[in-house]
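Understanding the architecture of this molecule
Listed here are the chains, written in short residue letters.
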Amino acid sequence: MYYKAIILLIFTTIYYYTSAETESLRLTDVHIPRHMDLHQPAVLSCNFDLANGKLYSVKWYKDEFEFFRYMPANNPQILTFPLNGVNLDLSQSNMTVITLNPLSFNSSGSYRCEVSTDAPNFETAAKNGNMTVMVFPKSQPTIDGIKEYYSSGEYIIGNCTSSRSNPPAELSWYINNDKADSWLMERYPLTITEGTLYSSALGLKFQAEESHFATNDKIELRCEAKIADLPPWQNKKSIKFYQNVSNHKPAPDSYRNNNGARKTTVLLWTLLLTLCLTHWPMYSSI
């Protein structure tokens, strides 16, 4: 009975330390950007905690093919393997970080970081993530055709056009922060430039009502261009109620010029009539 207890204690101790060693390697932070602009470098990072282990290698894979290997015991420590869509900037790559520059659409894919420890543990931990390469819009969408003043009953007609991107941007109109109904909008065909870039256009037409001007006598229009789950690119336009500005709108230049000319003419005729009346007795006595 005594020997059985000793054997059980030995096996329990071995299991405890074996389990503790197995759990010693841990990936603390792996960053693989979900979306990247084609014109920007992609920085992927893989941080880990070896605990009591000794690092054997750090490997990076794309779509299950290895393209980067770091082994501290080797000389050179870094090895690379050619792979379509992967352009490594080795000056910005090391044990925990790799930089892809320049990017191409073929750079999209599934990336995995794999860390392994040396003897006696021989542990491995890995984590993967997807990255999609896009062309982000370079500017906010443009709004055309919207006037500054409208009165109740007038039709407000305008267009929103997105900056070039890939994939095409999804456009939406908002009226006073409320998304416009689909029947108020008209979608136009995509414009394709440089073979792979797209520009979207979306029209808006609705009849202005007094209820639209309820907030500060204005209508706030907003157009949003959205790609994937990125923050939207947006542009805004304010419309003022015509009746509230009729007494404050400056007169046209032609009206001001004509009015000034009339005043000058009246003044000249008044002076001439005054001179005639003043000297009339002198001429009548001759």
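Data block above holds the structure.
Basis of the calculations
- Residues numbered from 1 in each chain as written.
- Predicted model: local features only at pLDDT ≥ 70, side-chain atom pairs only at ≥ 80, totals over all residues.
- Heavy atoms only, no water.
- Helix = DSSP H or I, 4+ residues; strand = E, 2+ residues; numbered from the N terminus.
- Buried < 20%, exposed > 50% of the residue type's maximum accessible area, 1.4 Å probe, protein only.
- Contact = heavy atoms within 4.5 Å.
- Areas by Shrake-Rupley, 256 points an atom, 1.4 Å probe, with all protein chains shown as cover.
- Phe/Tyr/Trp six-rings, centres within 6.5 Å; stacked < 30°, edge-to-face > 60°.
- Lys NZ or Arg CZ within 6 Å of the ring centre and 35° of its normal.
- Disulfide = S-S within 2.5 Å.
- Core = buried A, V, L, I, M, F, W, Y, C linked by side-chain atoms within 4.5 Å.

**Looking at the overall build of the protein chain**
Within the protein chain, the secondary structure is distributed over two helices and 20 strands. Residues counted as buried form 34% of the 286 residues belonging to the protein chain. In the protein chain, of all internal contacts separated by at least 6 residues, the share reaching a separation of at least 24 is 60%. Total accessible area on the protein chain stands at roughly 18,500 Å², and carbon and sulfur atoms take up 55% of it.

**Examining the packing of aromatic side chains**
According to the stated counting rule, one finds three aromatic pairs in the structure shown. Cation over ring: Lys205 sits above Tyr155, and NZ or CZ is 5.4 Å from the ring centre. Over the aromatic face of Tyr174 sits the side chain of Arg222, whose NZ or CZ is 4.3 Å from the ring centroid.

**So, the state of the cysteines**
Taken as a whole, this structure holds two disulfides when the rule is applied. In this model Cys46 forms its disulfide with Cys113; the gap between the sulfur atoms is 1.9 Å. Judged by the sign of its S-S torsion, about -75°, the cystine formed by Cys46 and Cys113 is left-handed. With Cys46 in strand β3 (residues 42-49) and Cys113 in strand β8 (residues 109-117), this pair connects stretches of sequence that are 67 residues apart. Cys113 shares its class with Cys46; the two are buried. The side chain of Cys160 participates in a disulfide bridge whose partner is Cys223; the two sulfur atoms lie 1.9 Å from each other. With the S-S dihedral at roughly -80°, the linkage between Cys160 and Cys223 falls on the left-handed side. Of this pair, Cys160 sits in strand β12 (residues 155-161) while Cys223 sits in strand β19 (residues 218-226); the two residues are 63 residues apart in sequence, bridging distant segments of the chain. This pair shows no difference in class: Cys160 is buried, exactly as Cys223 is. Listing the disulfide partners of the protein chain by sequence rank of the bonded cysteines yields 1-2, 3-4.

**Remarks on the environment of Pro82**
Tracing the chain through its elements places Pro82 in the loop between β6 (78-80) and β7 (97-100). It is 9.1 Å that separates the C-alpha atoms of Pro82 and Phe68, two residues lying 14 residues apart in sequence.

**A few points about the nonpolar core**
Ile156, Trp173, Leu204, Ile219, Leu221 and Ile239 are the most contacted members of the largest nonpolar core, which totals 28 residues. For this core, the secondary structure elements donating two or more residues are β12, β13 (170-175), β18 (201-207), β19 and β20 (233-241). Leave out the neighbours within four places in its chain, and Ile239 touches Ile146, Lys147, Glu148, Tyr150, Ile156, Phe213, Asp217, Lys218, Ile219 and Leu221. Grouped together as the second largest cluster of nonpolar side chains are 26 residues, Leu27, Trp60, Phe67 and Ala125 included.

**Regarding the side chain of Arg69**
With respect to the element layout, Arg69 can be found in strand β5 (residues 65-70). Apart from the residues lying within four places of it in its own chain, the contact partners of Arg69 are Val58, Lys59, Gln77, Ile78, Leu79 and Phe81.

**What about unusual backbone geometry?**
Asn75 connects to Pro76 through a cis peptide bond whose omega is 5°. Of the consecutive residues Asn101 and Pro102, the connecting peptide bond is found in the cis state with omega at 0°. Turning to its location among the elements, Pro102 is positioned in the loop between β7 and β8. Of note, Asn176 is a non-glycine position whose phi angle comes to about 50°, a positive value. Here Asn176 is to be found in the loop between β13 and β14 (178-179). For Asn176, a relative accessible area of 26% translates into the label partly exposed.

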